[in-house]
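Results of the structural survey
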Amino acid sequence: MILRGKTAIPAIAGQLLEVRDVIKTSAGSQLGITFIDNSRFAVGPNSSIALSQFEFDDTTHAGKSLTTINRGSLAIVSGQIAHENKDAMRVRTPTSLLAARGTRFVVEVRP
Amino acid sequence: MRLWAVLAVCAALAGCASAHVSLLTEEGGGAGAVVVMDPATGAERGELTQPNTRARLGGEQVRARPLKRSFDKLLAVMPPPPKIYTLYFIEGTTQITPDSQATFDQLRQVITPESDVQITGHTDTTGDSALTTSFRSTARSRSGPPWCRTGCRWATPA
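Residues numbered from 1 in each chain as written. Chains lettered and ligands numbered in written order. Predicted model: local features only at pLDDT ≥ 70, side-chain atom pairs only at ≥ 80, totals over all residues. Heavy atoms only, no water.

**Some details on the overall build of chain B**
In terms of helices and strands, chain B carries four helices and seven strands. Scanning chain B from its N terminus toward the C terminus, one meets helices and strands in the order α-β-β-β-β-β-α-α-β-α-β. In chain B, which comprises 158 residues, the proportion classed as buried is 28%. For chain B, the share of sequence-separated contacts (at least 6 apart) that also reach a separation of at least 24 residues comes to 42%. Counting only carbon and sulfur atoms, one obtains 55% of the accessible surface of chain B, whose full area is about 10,800 Å². (Helix = DSSP H or I, 4+ residues; strand = E, 2+ residues; numbered from the N terminus. Buried < 20%, exposed > 50% of the residue type's maximum accessible area, 1.4 Å probe, protein only. Contact = heavy atoms within 4.5 Å. Areas by Shrake-Rupley, 256 points an atom, 1.4 Å probe, with all protein chains shown as cover.)

Set out below in structure tokens:
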């Protein structure tokens, strides 16, 4: 499910996401997201992930992103933003802030 | 004694959020790094640089430990990397070369209504750069490929 402002939108394959969307998955659901900088997410069950910030210029590859994971699991393959801009791809958990330096990693938050 | 004290605090707060970060090998082998920072100050607390290591988040220090679990189930829903198709134009025209026609045909076969297609134009270094820029930004992109009706994003070339 996607929470856009106060509106809940069912998540369907191929759906376009917007900055500040919150993605929520239930116990049996998982989903994948591809971003325009070619970074990719896999979101596990029982997760709440906010696309807090995303800026990317597909000509200059300048950009920055901030994803907030409040609970659940999130696997990330970083893309052009992390590749071209140092520490510009960030993930916030309730207790810390992470910066990706060109890599694949998993963040888990258990409430 | 100290452990009990921590547990008691967690219970009082109705459960501490427990967070971990795990660094995996990159899809093409090797690994980058994940830097852990203080959320308030941005000060670096530490980093994971070795693939298949894991650290708990929230403390002042980042201690990398061997990763003992797999994330196969989660990674099964990771989208595949985007495919790149490079098309060449015959110089001075909006016609693609015969070789690129084959690439273009392959591209047409894999595109579905769910596909997101991003097109970036580049030029070679011959000719007058002002003229090429003008040509590139008008003739080719404006005419556009005939199959691209919706869902195509046009990037202004660098």
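This is not the end of the story, as more comes after the structure.
**Brief notes about the side chain of Ser100(B)**
Looking at where Ser100(B) falls in the secondary structure, it is placed in helix 3 (residues 98–110). Each residue touching Ser100(B), except ones within four places of it in the same chain, is listed here: Thr86(B), Leu87(B) and Tyr88(B).

**Let's talk about the interface of chain B and chain A**
With 44 residues of chain B at the interface, the matching set in chain A holds 43 residues. Interface of chain B and chain A: buried area, both sides summed, is about 3,600 Å²; carbon and sulfur atoms make up 56% of it. The largest contributions to the chain B side of the interface with chain A come from Met37(B), Leu74(B) and Met78(B), which together make up 16% of the buried area. Linking Glu108(A) and Arg54(B) is a salt bridge whose minimum nitrogen-to-oxygen distance equals 2.6 Å. At the junction of chain B with chain A, the criterion picks out 15 residue pairs in polar contact (both at pLDDT 80 or more). Breaking the side of chain B that touches chain A down by element, the ones donating at least two residues are strand 1 (18–24), strand 2 (33–37), strand 3 (44–48), strand 4 (53–57), helix 2 (72–75) and strand 7 (152–155) of chain B. Per element, the largest residue contribution to the side of chain B that touches chain A is seven residues, and it comes from strand 1 of chain B. Class assignment of the residues belonging to the side of chain B that touches chain A gives a composition of 26 nonpolar, eight polar and ten charged. Bridge analysis of strand 9 (residues 97–101) of chain A against strand 2 of chain B gives five bridges, and the strand direction is antiparallel. (Buried area = accessible area lost by both parts, 1.4 Å probe. Salt bridge = Lys/Arg side-chain N within 4 Å of Asp/Glu carboxyl O. Polar contact = N/O pair within 3.5 Å; in protein donor to acceptor, adjacent residues only side chain to side chain. Nonpolar A, V, L, I, M, F, W, Y, C, P; charged D, E, K, R; others polar. Pairing = 2+ DSSP bridges.)

**Some thoughts on the pattern of salt bridges**
Taken as a whole and judged by the stated rule, the model has nine salt bridges over all chains. Between Arg101(A) and Asp87(A) there is a salt bridge; the shortest N-O distance is 2.8 Å. In this pair, Arg101(A) sits in strand 9 while Asp87(A) sits in the loop between helix 1 (80–84) and strand 8 (89–92), placing the two residues 14 residues apart along the sequence. Under the relative-accessibility criterion, Asp87(A) is labelled buried at 13%. A single network of salt bridges, built from pairs that share partners, joins Asp87(A), Arg101(A), Glu44(B) and Glu47(B).

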